[in-house]
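What follows is the residue order along each chain.
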Amino acid sequence: GPVNALAIPLYTLLIVPAVLLATGLAMIVPDLGTPALAAVAWFIELTWPVIGIPASWPLAAWGIAGLPWSGWLALTLGAAAALAPLPAQARVAGLVIVVSLCAWRAVPPQHGALNLAVLDVGQGLAAVVETRHHVLVYDTGPSFRSGADAGALAVEPYLRHRGIRGIDLLVASHDDDDHVGGAATLARTLRVKRRAASGQALHPLGRVERCLRGEHWDWDGVRFEWLHPGVDVLPGDNDRSCVLRIRAGPHVFLLGGDVERAAEEELLRAAPPGAVDVLLVPHHGSRSSSSPGLVAATRPQWAVVSAGHRNRWGFPAREVVDRWADAGAAVIETSRSGAIEFDVDPEQALRAPREWRRFHRRLWQDP
């Protein structure tokens, strides 16, 4: 684009040669090389806004979705045709192929169906629910001391991989960093239409709705409903977590953030979730959650634990895993499986999820 038309000659013809010359001079005559390097640094800082400001624009970069192998082959051939000394018609055809594949996205679910992905964000939680025309992101994983966060490292790349460039509802179940650390990145890099939370973490990002028991909505034949918290909130950030129930035909999913036993008891009393097919195990499988009452009331087919590999808290607790397994659930963990994806068809029985590491195993991974 226009930025590259200026930046490439600037760095190729001026800055890179100047750096090399100043570095060589500094090695031979330090008294002359040091001010020469300082002058080059000053010139880079002076010209940096030419690149830095356009890089902050919303469409400065355009990521290509995760194409199948045939798509990558077609993209390569199209780019080669567009750049090769071929007749104009062939070059235009190549350009059309490239543009079309750059705009490609994975086939979304049919009406009434959904995709649920529980992402591997280390010690934290992030899940993506995709219906025919809508996307909900439930929590965004942690931030890190390095300045990076799971929004940039896991959630946004997954959405780009699916060809998704906007979020209809961004949810922060509660204010713990391992659940909201990536929210600011997503709000900056993607178009976010609505935000919902039980706490204050999302307020700097714009208007926020409160998740409140009894409120519900339908997207593309899929029903979403807040089961917790109620009007009278419990003390403790974890127990104020937004609990979301999702129905796609006969299939039911429960996302519970970090609710602990007090919140679980209130949930069972005020808004019993009933039996569910897939349940995100509360609080990463902590002993303070997954009470026998919740396990007996929900009896999921799949219990998904989002926890970090060998995390210092020992999540999930062995007795919690055994409790869910004894109730008939298949317990799967992001620390072992990587991203866990359910493709849900309301007309069919629920299929086993895709576990990223099982289907994309690498030699260096733990067995």
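Residues numbered from 1 in each chain as written. Predicted model: local features only at pLDDT ≥ 70, side-chain atom pairs only at ≥ 80, totals over all residues. Heavy atoms only, no water.

Overview of the sheet that holds strand E4 (residues 166-172)
The sheet built from eight strands is open, its strands ordered E6-E5-E4-E3-E2-E1-E14-E15 with mixed pairing. Edge positions in the sheet fall to strand E6 (209-210) and strand E15 (354-355), since each has one partner strand and no second. Pairing geometry for strand E1 (residues 114-118) and strand E2 (residues 126-130), over four bridges, is antiparallel. Residue pairing for E2: Val-118 is matched across the bridge by Ala-127. Set on the sheet, helix H6 (residues 150-161) makes contact with E1, E2, strand E3 (135-140), E4 and strand E14 (340-344); between it and E3 the angle comes to about 160°. (Pairing = 2+ DSSP bridges. Helix = DSSP H or I, 4+ residues; strand = E, 2+ residues; numbered from the N terminus. Contact = heavy atoms within 4.5 Å. Axes fitted to C-alpha atoms, helices over the stretch in contact; angles between N-to-C directions.)

A word on the packing of aromatic side chains
Per the stated rule, a full pass over the model turns up six aromatic pairs. Ring centres of Trp-217 and Phe-224 lie 5.4 Å apart, and the angle between their planes is 5°; this geometry places the pair in the stacked category. Overall, the relative accessible area of 15% leaves Trp-217 in the buried class. For Phe-224, a relative accessible area of 0% translates into the label buried. Between the NZ or CZ atom of Arg-194 and the centre of the ring of Trp-217, over which it lies, the distance is 6.0 Å. (Phe/Tyr/Trp six-rings, centres within 6.5 Å; stacked < 30°, edge-to-face > 60°. Buried < 20%, exposed > 50% of the residue type's maximum accessible area, 1.4 Å probe, protein only. Lys NZ or Arg CZ within 6 Å of the ring centre and 35° of its normal.)

So, the pattern of salt bridges
For the coordinates displayed, the defined rule picks out 14 salt bridges. For Asp-218, the salt bridge identified is with Arg-223, shortest N-O distance 3.6 Å. In this structure Arg-223 comes out as partly exposed when scored by relative accessible area, which is 29%. Each of the salt bridges in this network shares a partner with another, and the network as a whole consists of Glu-341, Asp-343 and Arg-354. (Salt bridge = Lys/Arg side-chain N within 4 Å of Asp/Glu carboxyl O.)

So, the nonpolar core
Soluble globular proteins tend to bury their nonpolar side chains together. In this structure, Leu-136, Phe-224, Leu-244, Ile-246, Phe-253 and Phe-342 are the most contacted members of the largest nonpolar core, which totals 32 residues. Excluding residues that lie within four positions of it along the chain, Phe-224 makes contacts with Val-129, Thr-131, Leu-136, Glu-215, His-216, Trp-217, Trp-219, Leu-244, Arg-245 and Ile-246. Formed by 25 residues, the second largest nonpolar core is a distinct cluster that contains Val-137, Val-180, Leu-190 and Val-192. (Core = buried A, V, L, I, M, F, W, Y, C linked by side-chain atoms within 4.5 Å.)

Function-wise, these values are silent; they only describe arrangement.
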